[in-house]
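Coordinate inspection notes
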Amino acid sequence: MSTPKMELRELGNTGLKLSCVGFGASPLGNVFGPVPMEEAVGCVRRAVDLSINFFDTSPYYGNTLSEKILGKCLKALEVPRSEYIVSTKCGRYGDGFDFSAERVTRSVDESLERLQLDYVDILQCHDIEFGSLDQIVSETLPALVKLREAGKIRFIGITGLPLDVFTYVLDRVPPGTVDVVLSYCRYGINDTALDDLIPYLKGKGVGVISASPLAMGLLTEAGPPDWHPAAPELKAACRAAAAHCKSKGKNISKLSLQYSLSNKDISTVLVGMNSVKQVEENITAAAELATEGIDDETLSEVEDILKPVKNQSWPSGIQRTG
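What you see is a predicted model; the values in this text were computed from it and never measured.

Looking now at the packing of aromatic side chains. For the coordinates displayed, the defined rule picks out five aromatic pairs. Look at Phe23 and Phe55: their rings are 5.2 Å apart centre to centre, the planes differ by 40 degrees, and that puts the pair in the tilted class. Remark: Phe55 occurs in strand E4 (residues 54-56) and Phe23 occurs in strand E3 (residues 21-24); sequence separation between them is 32 residues. Grouping residues by exposure puts Phe23 and Phe55 together as buried. Judged by centre distance (4.8 Å) and plane angle (15 degrees), the rings of Phe97 and Phe130 are stacked. Of this pair, Phe97 sits in strand E7 (residues 96-97) while Phe130 sits in the loop between strand E8 (120-125) and helix H4 (133-150); the two residues are 33 residues apart in sequence, bridging distant segments of the chain. On the accessibility criterion, Phe130 (24% relative accessible area) is partly exposed. Of note, Arg92 hangs over the ring of Tyr60, and the distance from its end group to the ring centre comes to 4.2 Å. Positioned above the aromatic ring of Tyr168 is the side chain of Arg172, whose terminal nitrogen or guanidinium carbon lies 3.5 Å from the ring centre.

Next comes the structure, spelled out in structure tokens:
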């Protein structure tokens with residue numbers, strides 16, 4: 001395929017410019033099945049060739065394997081460090097949660113070693129709703145500020161499913177403490193709740209990353225995994241929407257990604273990828289959106305199908321893989 005120029009978007013006040021499609025590296029941790037090393041390197045190489053510059057991982061993904069594999073892939077590319085932006089996380093691990101200052105400080109050094117990097121561009125507290133938000137405010141984030149001052153991380157983020165955790169924390173820390181939030185499953189065709197929070201985040205100077213535009217498999221032809229915590233009526237509505245798209249010769253996953261990308265207030269949309277084919281499909285979807293726009297007719301029909309379950313989320317106490 002020809003190389004389309006990926007749109008770059010500014011991330012809050014960080015000065016970083018992220019490719020509008022971001023590379024979610026949780027699948028490199030074999031969380032959705034084994035990925036041979038050769039395929040992993042080819043996948044990351046293709047992403048860089050097609051101008052994806054943002055890579056997101058966590059020590060939780062594949063119990064540290066995602067970080068290790070991503071580190072090996074980036075090293076194999078032999079491209080200047082300034083040409084890619086790496087985000088990892090702290091506080092959530094294979095054996096549970098620990099947001100203590102001691103653990104997150106040690107966590108950064110462990111991540112840097114696995115990633116084979118001298119610094120990470122963004123370090124995010126991972127799924128903060130599972131911890132004490134007051135500890136995040138009074139202990140975790142001050143520890144990350146010290147790491148930022150030491151140059152081990154450039155910017156600080158927080159991630160979670162319920163949106164109220166972001167306002168709780170941001171209202172209680174000094175301005176400039178948190179540079180970015182990563183929200184998942186809250187900006188897609190079935191759920192646009194994140195949109196209501198964007199003016200608040202902009203006012204705080206906080207950049208916005210959105211992950212899982214396919215709602216952890218709901219907005220796919222194959223459907224979600226068995227463990228997906230969505231209510232039966234939400235699953236049924238998404239299944240009907242996917243079937244409708246298929247009957248028209250359209251793909252609901254492509255439509256969903258394009259819908260998420262259409263919101264320019266979101267700096268990047270993270271999509272999990274583990275094959276060259278997936279990388280190329282995602283890039284093509286973004287390129288077609290930029291040149292041809294979205295399929296408004298099919299989008300309107302899908303929105304009608306999903307209207308009864310719009311913004312219906314699920315309990316945040318789920319154990320998810322990515």
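Moving on, we get to the pattern of salt bridges. This model, assessed by the stated rule, comprises 21 salt bridges. Lys204 is the partner of Asp171 in a salt bridge, and the nearest nitrogen-oxygen pair spans 3.5 Å. Linking Asp171 in the loop between helix H5 (164-170) and strand E10 (180-184) with Lys204 in the loop between helix H6 (194-203) and strand E11 (207-211), this pair joins segments that are 33 residues apart in sequence. Taking the relative accessible area as the measure of exposure, Asp171 reaches 48% and is therefore partly exposed.

Turning our attention to the packing of helix H7 (residues 232-247) against helix H10 (residues 296-306). Contact geometry for H7 and H10: axes closest at 9 Å, N-to-C directions at 155 degrees. In this view, H7 runs roughly antiparallel relative to H10, as classed from their interaxial angle. Considering the relative orientation of H7 and H10, their crossing is right-handed. From H7, Ala237, Cys238, Ala240, Ala241, His244 and Cys245 reach across to H10, where they touch Thr298, Glu301, Val302, Ile305 and Leu306. Its residues assigned to classes, the contact of H7 with H10 comprises eight nonpolar, two polar and one charged.

Attention now goes to the environment of Pro225. Of note, Pro225 is situated in the loop between E11 and H7. The spatial distance from the C-alpha of Pro225 to the C-alpha of Val44 is 25 Å, given a sequence separation of 181 residues.

Okay, the pairing of E3 next. Judged by which residues are buried, E3 turns out to be covered on both faces: Val21 and Phe23 on one side and Gly22 and Gly24 on the other are all buried. Alignment of E3 against strand E12 (residues 268-272), held across four bridges, turns out to be parallel. Bridged to Gly24 within E12 is Gly272. Handedness of the crossover joining E3 and E4 through helix H1 (residues 37-49): right-handed.

Glancing now at H7. Structural remark: α-helix, 3.6 residues per turn; residues separated by three or four positions point the same way. With 16 residues, H7 extends 22 Å from end C-alpha to end C-alpha; this agrees with the ideal 22 Å at 1.5 Å per step. Of the residues making up H7, those classed as buried are Leu234, Lys235, Ala237, Cys238, Ala241, Ala242 and Cys245. Along the axis of H7, the buried positions cluster into a sector of 165 degrees, meaning they face one direction only. Opposite its buried face, H7 presents the exposed residues Pro232, Arg239, Lys246 and Ser247, each directed more than 90 degrees away.

It is worth spelling out unusual backbone geometry at this point. The phi dihedral of Ala215 falls on the positive side, at around 55 degrees, and the residue is not glycine. Checked against the element boundaries, Ala215 lands in the loop between E11 and H7. Among the residues examined, Ala215 registers a relative accessible area of 1% and is labelled buried. Non-glycine residue Asn311 carries a positive phi angle of around 60 degrees. Given a relative accessible area of 32%, Asn311 falls into the partly exposed group.

Let us look at the environment of Asp296. When you line up the elements, Asp296 lands in helix H10. Residues Asp296 and Tyr61, 235 residues apart in the sequence, show an inter-C-alpha distance of 36 Å.

Before going further, it helps to examine the side chain of Gln258. On the secondary structure map, Gln258 appears in helix H8 (residues 252-261). Of note is the side chain of Gln258, whose polar atom sits 2.9 Å from the backbone oxygen of Ala285.

Before going further, it helps to spend a moment on the UniProt feature "domain: NADP-dependent oxidoreductase" (unreviewed entry) in the protein. The UniProt entry lists residues 21-290 under the feature "domain: NADP-dependent oxidoreductase" (unreviewed entry), expressed in the numbering used here. Along residues 21-290 the backbone is 43% helical and 17% strand, and the end-to-end C-alpha distance reaches 12 Å.

About the cut-offs
- Residues numbered from 1 in each chain as written.
- Predicted model: local features only at pLDDT ≥ 70, side-chain atom pairs only at ≥ 80, totals over all residues.
- Heavy atoms only, no water.
- Phe/Tyr/Trp six-rings, centres within 6.5 Å; stacked < 30°, edge-to-face > 60°.
- Helix = DSSP H or I, 4+ residues; strand = E, 2+ residues; numbered from the N terminus.
- Buried < 20%, exposed > 50% of the residue type's maximum accessible area, 1.4 Å probe, protein only.
- Lys NZ or Arg CZ within 6 Å of the ring centre and 35° of its normal.
- Salt bridge = Lys/Arg side-chain N within 4 Å of Asp/Glu carboxyl O.
- Axes fitted to C-alpha atoms, helices over the stretch in contact; angles between N-to-C directions.
- Parallel < 35°, antiparallel > 145°, perpendicular 65-115°, else oblique.
- Left-handed = near helix turned anticlockwise from the far one by under 90°.
- Contact = heavy atoms within 4.5 Å.
- Nonpolar A, V, L, I, M, F, W, Y, C, P; charged D, E, K, R; others polar.
- Pairing = 2+ DSSP bridges.
- Right-handed = clockwise from strand over helix to strand, strands pointing away.
- Expected span 1.5 Å × (residues − 1).
- Arc of directions from axis to C-beta.
- Polar contact = N/O pair within 3.5 Å; in protein donor to acceptor, adjacent residues only side chain to side chain.
- UniProt positions renumbered as here; feature names shortened; annotations may be inferred.

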